[in-house]
Amino acid sequence: MSIVTVQLGQCGNQIGHEVFNAICSDVHGTHGLCSKKENESYHDACQERFFSEEESEVPVARAVLVDMEPKVISQTLSIAARSGYWKYDNRSHFCQKQGSGNNWANGYSVHGPRHKEVIMNLVQREAEKCDRLGGFFTIMSMAGGTGSGLGAFVTQCLRDAFPTSFILNHVIWPYGTGEVIVQNYNSVLTLSHLYQSSDALLVHENDVIHKICAQLMNIKQISFRDVNQVIAHQLGSVFQPTYTAEGGLHYSRNPLGDLMETLVPHPEFKMLGLRNIPQMPENSLAYSTFSWPGLIKHLRQMLIANAKMEEGIDWQVRPPRLGSSIPSSHSMNKPLHFNTSIANLVILRGKDMHSVDLGSFRDPSLYTSWLNPQDAFNAWKTPRAFNKYEKSASLVSNSQFLLKPLDNVVGKAWNMFASKAYIHQYTKFGIEEEDFLDSFTALEQVISSYTIL
Amino acid sequence: TRMSLPFAVGQCGNQVGCRFWDLALREHAAVNKKGIYDEALSSFFRNVDTRSGGDGPDIYKGKICSLKARALLIDMEEGVVNEILQGPLRDVFDSKQLITDVSGSGNNWAVGHKLYGYQYQEDIVEKLRKTAEHCDCLQCFFIIHSMGGGTGSGLGTFVLNLLEDEFPEVYRFVTSVYPSGEDDVITSPYNSVLAMKELNEHADCVLPIENESLFDIVNKIHQMINSGKLGSTVKQNSLVTSSAGSAKTVQEKPFDAMNNIVANLLLNLTSSARFEGSLNMDLNEISMNLVPFPRLHYLVSSLTPLYTLADVNVPSRRLDQMFSDAFSKDHQLIQADPKHSLYLACALLVRGNVQVSDLRRNIERLKPSLHFVSWNQEGWKTGLCSVPPVGHSHSLLALANNTCVKPTFIELKDRFMKLYKKKAHLHHYLHIDGMEQSCFSEAISSLSDLIEEYNELDAVKGGPRTDPSRLKIAV
């Protein structure tokens, strides 16, 4: 089954491009460290998911590029084509001239309806190119106007046009100290709307990735390109082919479906966080060796201590003692900073992953009580190494990972809303105070639900 | 293509405008080596086929044939415009973009606004529509004018009104040069306050400039260069005051240096819309992020660096110095000290080899010394444009919505009241058709209200101690 990617706005297009780059470079790399047969299966599975073979010699990414101003798309298309390894379909993009002005209302209420038909036609075209459509992957930032506002509108349209398809929104959380002054408003509006139409939101925070670049990758002058490449690596580690069943003979063909099934048991809980280890500068890779037990141990502690990366993990945090008859909604049982999960997915890439003991992730004390731990935890594996890392472990988690960031954004937006600052910019395009209140209410509900886990 | 359409109105406006076109050409020439008419150029220039003589059709792609500025030049005196048409920029404009008269406005806002406004309304609208026809996406209008005279001030604000009527959805940015206290035009306070009311009501964003500040910057540069303090020589074309490398061949006039600063302001403001970068900042984004309440749309600007030294290596300390300078009162284009007043919002547009980590490091570093309003503690809007200005490896434009504009307005009000109390020179205005005493009282009232809004903000500078309580959800 194939995934159609929809790249929205400057951020969405810049990241989308890096994702296809990462996937391609992984597939063509010589570091598969596995049998030729395995490599070929991997290559074929990846190809089916992300690319279509057309008359051209290079694979064509299954993607639709949307932006309200022309510069980024134009750059993205040409850089991709120059790589020689892959390209975008020359017709699968849509852009306008004037941009959305960082205004969610402009993206959602003006550009959305105005360009709905053209955009959905492009999506339909890509969907029809797939033998079997596995769902949609949208990439957007919450902070601006196009990715956020138009992105929310397009997600709704996708849901209406493809009611049974899976939709995963990849959402970029902006730096806490502004890229955009009205980013908190745009974020609140985006998240509340996506929650209605999307199946799950997979989140990356700029601040976190920035730290990874600084402390783990040792990059001195960090550019957005650096940030985007780390994000692309992490996404690739999730979406490249894996075996989802123990002893499976074929690479899984339904990645989005599998993801939703394992991680989103209840529509109230859609916020997914992602961790990937190890991360290090490329030139250090040759000198480093890793053991699976070591990686698993770190990843598990990152989960329960809510660590954003593999440095600075708080090893003091322990899961709560079980055996009490008090229902799990009482947080008194748990240390305040313990991260409770609904469901977790661990993805292992590299040799000898068969023997890895993942029992520590099945510990019931990690989870809320309303799922069996067997159902709450899943593991996907492949012996094929990913992107030059001899061993790579990823964790996709539906847990309280994003509770604090969400609470922060809602808090700041509410603080600004109380003063009514900037509201006239939104009402100008048809988003009224009541719409804001609805969004705040929806998100406070989500916060509350995650808090009482 | 999307474009911005500048209107230069009056003597000052046209002098600045002229510098702007010249420096814009210089900037594009530096980047566009192959002479191809590209997207960046198209935002300010048309490409016209003049091979068969005269004005041919527009060429949208391919080689540059003849560049024509997208602009309207308006003046009620011929001197400045004629000079432009005889100078090295003569081919950049054609007669269809000019609206001129001979006798000037006599430093009288009423003559500019009511008399000439009425007289030239149709002409202006027609030429505006014609120019706009060539644009398939008109993003914003720029008006460049001075506040103290008659044409720029009066007719300029009349044009502002027209633009709102004709194209209500297109943003209106106004660059206004405010008169100083020693301005030799006695009635400049009247003209300025009458114009202010129009700016309050019809502009989306105003960038106030004070001649005093421009003058101080020019002097500062002079001193720096002549003192011999600088270890190495300054790159001539990097001076924010310089015309070097541009089409100008005549010896620089005294105001040229000052006008170049304003021209550079506009170039930097539009750079991210013209050139690519990792975090684009469009003009409509500036308005969106920097104007939290409709009337509070006055933005204090600063440009750094003022010059580049000829040595190439830029250690990050120098880069950080650039950020620090942007907040110092020496670099502001009005007499203001933003550091000691209250920020409502701040935008940083960086050009050149600067990455997001440099931006973040400097914001973190400078934040503690700045006061932001309680509901916008992290009120930063940022942009990264890859192409630096000519002669620089990087540059920074800071735009601040800050209560430090207040003193400028208060002084203006005081100067106005000094004249108005004695009814000095009022008759020159009142005998113009359409002018009444109420025009004056409404104008000063509008200015007073604006000052009061800033006062209220300053009064709660500390902000409420507690954040408003959040919505409670029934579990």
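Note that the coordinates shown come from a computational prediction; the quantities given were computed from them, not determined experimentally. (Residues numbered from 1 in each chain as written. Chains lettered and ligands numbered in written order. Predicted model: local features only at pLDDT ≥ 70, side-chain atom pairs only at ≥ 80, totals over all residues. Heavy atoms only, no water.)

> Tell me what's going on with the pattern of salt bridges, and back it up with residues and numbers.
Residues and elements named next belong to chain A. Applying the stated rule across the entire model yields 34 salt bridges over all chains. With its nearest N and O atoms 3.7 Å apart, the salt bridge here joins Lys-36 to Glu-40. Placement of the pair is Lys-36 and Glu-40 together in helix 2 (residues 36-50), with a separation of four residues, close to one helical turn. Residue class for Lys-36 comes out exposed when judged on its relative accessible area of 67%. Given a relative accessible area of 43%, Glu-40 falls into the partly exposed group. (Salt bridge = Lys/Arg side-chain N within 4 Å of Asp/Glu carboxyl O. Helix = DSSP H or I, 4+ residues; strand = E, 2+ residues; numbered from the N terminus. Buried < 20%, exposed > 50% of the residue type's maximum accessible area, 1.4 Å probe, protein only.)

> Can you explain the confidence of the model for chain B? Please cite residues and give values.
Residues and elements named next belong to chain B. Mean pLDDT over chain B: 88, with 92% of residues reaching 70 or higher. Element-level pLDDT for chain B is lowest in helix 2 (residues 39-42), with a mean of 82, against a maximum mean of 97 in helix 6 (residues 188-202). Taken over the whole predicted complex, pTM reads 0.92, whereas the ipTM for its chain interfaces reads 0.89. (pLDDT = per-residue confidence, 0-100.)

> Describe the state of the cysteines, naming the residues involved and giving the relevant values.
Considering all chains together, one arrives at zero disulfides over all chains under this definition. Counting only cysteine sulfurs, Cys-404 of chain B is the nearest neighbor of Cys-346 of chain B, a cysteine outside any disulfide, at a range of 10 Å. (Disulfide = S-S within 2.5 Å.)

> Outline the domain arrangement of chain A, listing residues and values.
Residue and element names in this part refer to chain A. Segmentation of chain A into domains returns domain 1 (2-273), domain 2 (282-319 + 338-398) and domain 3 (404-452). In this structure, domain 1 and domain 2 have C-alpha centres spaced 24 Å apart. Counting residues at the interface gives 43 residues for domain 1 and 31 residues for domain 2. Together domain 1 and domain 2 conceal approximately 3,200 Å² of surface at their shared face, both sides included; 60% is due to carbon and sulfur atoms. (Domains from an automatic or database assignment. Contact = heavy atoms within 4.5 Å. Buried area = accessible area lost by both parts, 1.4 Å probe.)

> Quick rundown of the pairing of strand 8 (residues 205-210) of chain B? Include the residues and the values.
Residue and element names in this part refer to chain B. Across the six residues that make up strand 8, a large majority, six, are buried. A two-sided burial pattern is seen for strand 8, the buried positions comprising Cys-205, Leu-207 and Ile-209 on one face and Val-206, Pro-208 and Glu-210 on the other. Since strand 7 (residues 171-178) and strand 8 lie parallel, the crossover through helix 6 that links them has a hand, and here it is right-handed. (Right-handed = clockwise from strand over helix to strand, strands pointing away.)

> Break down the pairing of strand 9 (residues 300-304) of chain B for me, with residues and values.
Residues and elements named next belong to chain B. Along strand 9, five of the five residues are buried, which leaves the element largely enclosed by surrounding structure. Residues of strand 9 alternate between two faces, with Val-300, Ser-302 and Thr-304 on one and Ser-301 and Leu-303 on the opposite face, all of them buried. When strand 9 meets strand 13 (residues 394-402), the two strands line up antiparallel, connected through five bridges. By the bridge assignment, Val-300 is partnered in strand 13 with Ala-400. (Pairing = 2+ DSSP bridges.)

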